[in-house]
Amino acid sequence: MHEYSERPRRPDDQPSHRPLPPGCFRVQRPIRFSHCDPAGIVYFPVYFDMFNGAVEDWFTQGLDIDYATMILQRRLGLPIVHAECDFVIPSRMGDTLTLGVLLERLGRSSLQLRINGEHEGQVRLSGSLTLVTTSLDDFAAVPIPDDIRAAMERYQAGCEG
């Protein structure tokens, strides 16, 4: 008997492969020629750059915390310490992905985000990022500042789910 006898999974079988709740921050990204590999689909590392851009936009537009000011003046960094992604359906040049951000966990210094890329109501990819708040002076982990934590808690409460 073949060891892979389990039925094939449909893209919506896993909770992370379902569209994010309506209250979550979303930003659109067109898929360009420069994003694609010779097979004509998005080259997978490009998605991680898109994820980082979505996080920056989420801070500035979704949390109303200017990301550039946080980095350059407050000297707070948010490096990604863990990243994983399920690539559910390929995206091609000409598609427009809607990247949505769900705050899944908020710790003392870290947070875990789910970022889904959706096209026409279907999840194309689902990523999980763990970020840690750090001082950019000594690169040590620091507690999430109160104003940022409060903005994240408000966001988390407003993101239905």
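Our subject is the structure that appears above.
What comes next is a walk through the structure. (Residues numbered from 1 in each chain as written. Predicted model: local features only at pLDDT ≥ 70, side-chain atom pairs only at ≥ 80, totals over all residues. Heavy atoms only, no water.)

## Some thoughts on helix α1 (residues 44-62)
- Its 19 residues place the ends of α1 26 Å apart at the C-alpha level, agreeing with the 27 Å of an ideal helix rising 1.5 Å per residue.
- Taken as a whole, α1 has its buried residues at Val46, Tyr47, Met50, Phe51, Ala54, Val55, Asp57, Trp58 and Phe59. (Helix = DSSP H or I, 4+ residues; strand = E, 2+ residues; numbered from the N terminus. Expected span 1.5 Å × (residues − 1). Buried < 20%, exposed > 50% of the residue type's maximum accessible area, 1.4 Å probe, protein only.)

## Let's talk about the sheet that holds strand β1 (residues 25-30)
- Taken together, the 5 strands give an open sheet; going across it, the order is β1-β4-β5-β6-β3, and neighbouring strands pair in antiparallel fashion. Sheet topology places β1 and β3 (80-87) at the edges, where each strand pairs with a single neighbour. Ignoring strand direction, the axes of neighbouring strands in this sheet form an average angle of 20 degrees.
- Bridge count for β3 against strand β6 (residues 122-132) is 7 bridges, and the pairing is antiparallel. Counted as the bridge partner of Ile80 is Leu131 from β6.
- Against the sheet, α1 touches β1, β3, β4 (96-106), β5 (110-119) and β6, its axis set at about 135 degrees to β1. (Pairing = 2+ DSSP bridges. Axes fitted to C-alpha atoms, helices over the stretch in contact; angles between N-to-C directions. Contact = heavy atoms within 4.5 Å.)

## Considerations on the state of the cysteines
- Within this structure, the stated rule accounts for 1 disulfide.
- Linked covalently through their sulfurs, Cys24 and Cys159 form a disulfide whose S-S length is 2.0 Å. Placement of the pair is Cys24 in the segment before β1 and Cys159 in the segment after α3 (146-158), with a sequence separation of 135 residues.
- Relative accessible area serves as the criterion here: at 7%, Cys159 is assigned to the buried category.
- Not engaged in a disulfide, the cysteine Cys36 finds its nearest cysteine sulfur in Cys85; these two sulfurs lie 15 Å apart. (Disulfide = S-S within 2.5 Å.)

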